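Geometric and topological summary
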Amino acid sequence: MKITKLSLVAIAAVGMMSGASADIDVKVGGQGVLYYQTMDLGGDADLFDKGANSRANAGLQLNLNADLGNDFGLGYQETFLGTLGLEKNLVGNTMQTADRNELNAHSMTKLYITKKIANTTLKLGRQELPKSLSPLAFSEGWNVFKNTFDAAVAINSDIPDTTVVGAYVGQSNGGAGNAVGITNLGNFDNLGAKTNLDLNGDGIKGDKASINHGAYLLTIANKSVKELPITLSYYTLNDIAGGEAGSAIWADIQGNFDIPVKFGLQGGQISPENHLDDTTAFGVKASGKAGPVALTLAYSTVDDGPVAVKNVGTGVKTPLYTQMILNQNHISSDADTVMLKAAAAAGPGKLIAQYGATTDNSDAGTDYQELDVIYKFKALGTNMLLAYIMSDHDVDGQDPNNIIRFWTRYNF
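To start, this report covers the structure provided alongside it. (Residues numbered from 1 in each chain as written. Predicted model: local features only at pLDDT ≥ 70, side-chain atom pairs only at ≥ 80, totals over all residues. Heavy atoms only, no water.)

**Describing the overall build of the protein**
- Helix and strand counts for the protein come out as two helices and 22 strands.
- The buried share of the protein, reckoned over its 412 residues, is 47%.
- Residue pairs in contact within the protein that sit at least 24 positions apart in sequence constitute 57% of those at least 6 positions apart.
- Total accessible area on the protein stands at roughly 18,700 Å², and carbon and sulfur atoms take up 59% of it. (Helix = DSSP H or I, 4+ residues; strand = E, 2+ residues; numbered from the N terminus. Buried < 20%, exposed > 50% of the residue type's maximum accessible area, 1.4 Å probe, protein only. Contact = heavy atoms within 4.5 Å. Areas by Shrake-Rupley, 256 points an atom, 1.4 Å probe, with all protein chains shown as cover.)

Quick look at the structure:
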């Protein structure tokens, strides 16, 4: 990796900021990650084979945050992605890259400045966007590292119990691909609507709205009724369903009453301006506990509009309650989905099992089922995840695809 020059620059920057003023507080941290995934492609390959069905990465992220005084702040992140030579013996591909032309490379994934003015915080530059405040353009955490955005964000809390977020989002480095494919953290492009195939051969139903040429966001999150917090988001999109402009709206309501069961309602609409039909989605969930086991039952429905309900920031996931590890291509367009999830403490971690069944309502589509068994735990001073996924398409003669995913993260 090309780290010598970067390291000298980073050290010099930290030294200059630390020595410039006693009032400047600089914090340096980050994470190291090892990530591995393999699948049998429904029996067409063997688990743990050295081939395209097996992927791995080694990654390092360095974060620098500085308090510059006068309510100014600075954030910087450099991301290194490589393979440690695993492609020579164990795998045939990677999960994520920092440069599509190199296996071992680095990219600047955050660079932003913040300014606090009364009850308003401004954040300008390359940054993560949380799904809680931007449900249709957000940073996804399923891969080695999260995708980021070039954006200008203003967060205001003048109204009691209310957070107002306004943003202009220009570009993202999420990359084309899907939950078993490659994303490119070094590629900040304006990516338009597209249709892809994933490694299971699943056609993605519906075009995908994008932030091509920029998107504007307004989110209002209100907690005046503490048992019923409401979040409402509105987007204007300049590239949707064939390059035309459009808009999107999304709402989420959480019911946290003094009863054993909690509820959630969500819904929204993506509206192209080129006389195509709108895409409408709705979801509901209920969660509670049965002894030591936390249970969630969720349902979502998306109609047959031309635009899939997905992350418009060149990501791959949906904001739907029924989102699992790999089912986004099936639940995001012209489909009804039911998901049941159970979670409980087990040893040094948490064991999660979730099952989802999707009815594909399109003429040429196929129904889909998925089972995820996930164990999140701490070991050797790191956070670890081990997951088994069964991805089953209702196609005669096609066996389920079995996937194993493992990662370990060390935060410092």
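Back to the write-up after that little detour.
**Considering the pairing of strand E7 (residues 149–156)**
- Here strand E6 (residues 120–127) pairs with E7 via eight bridges, running antiparallel. Across the sheet, Lys123 pairs through a bridge with Val153, a residue of E7.
- Of the pairings in the sheet, the one linking E7 to strand E8 (residues 162–172) comprises eight bridges and is antiparallel in character. By the bridge assignment, Ala154 is partnered in E8 with Gly166.
- Counted along the chain from E7 to the antiparallel partner E8, the turn is five residues long, and its residue Asp161 has a positive phi close to 60°. (Pairing = 2+ DSSP bridges.)

**Concerning the packing of aromatic side chains**
- As enumerated under the stated definition, the model contains four aromatic pairs in all.
- Consider the rings of Tyr36 and Phe48, whose centres lie 6.5 Å apart with planes at 0°: the pair is stacked. Of this pair, Tyr36 sits in strand E1 (residues 25–39) while Phe48 sits in the loop between E1 and strand E2 (54–69), placing them twelve residues apart in sequence.
- Of the residues examined, Phe48 reaches a relative accessible area of 52% and is grouped as exposed. (Phe/Tyr/Trp six-rings, centres within 6.5 Å; stacked < 30°, edge-to-face > 60°.)

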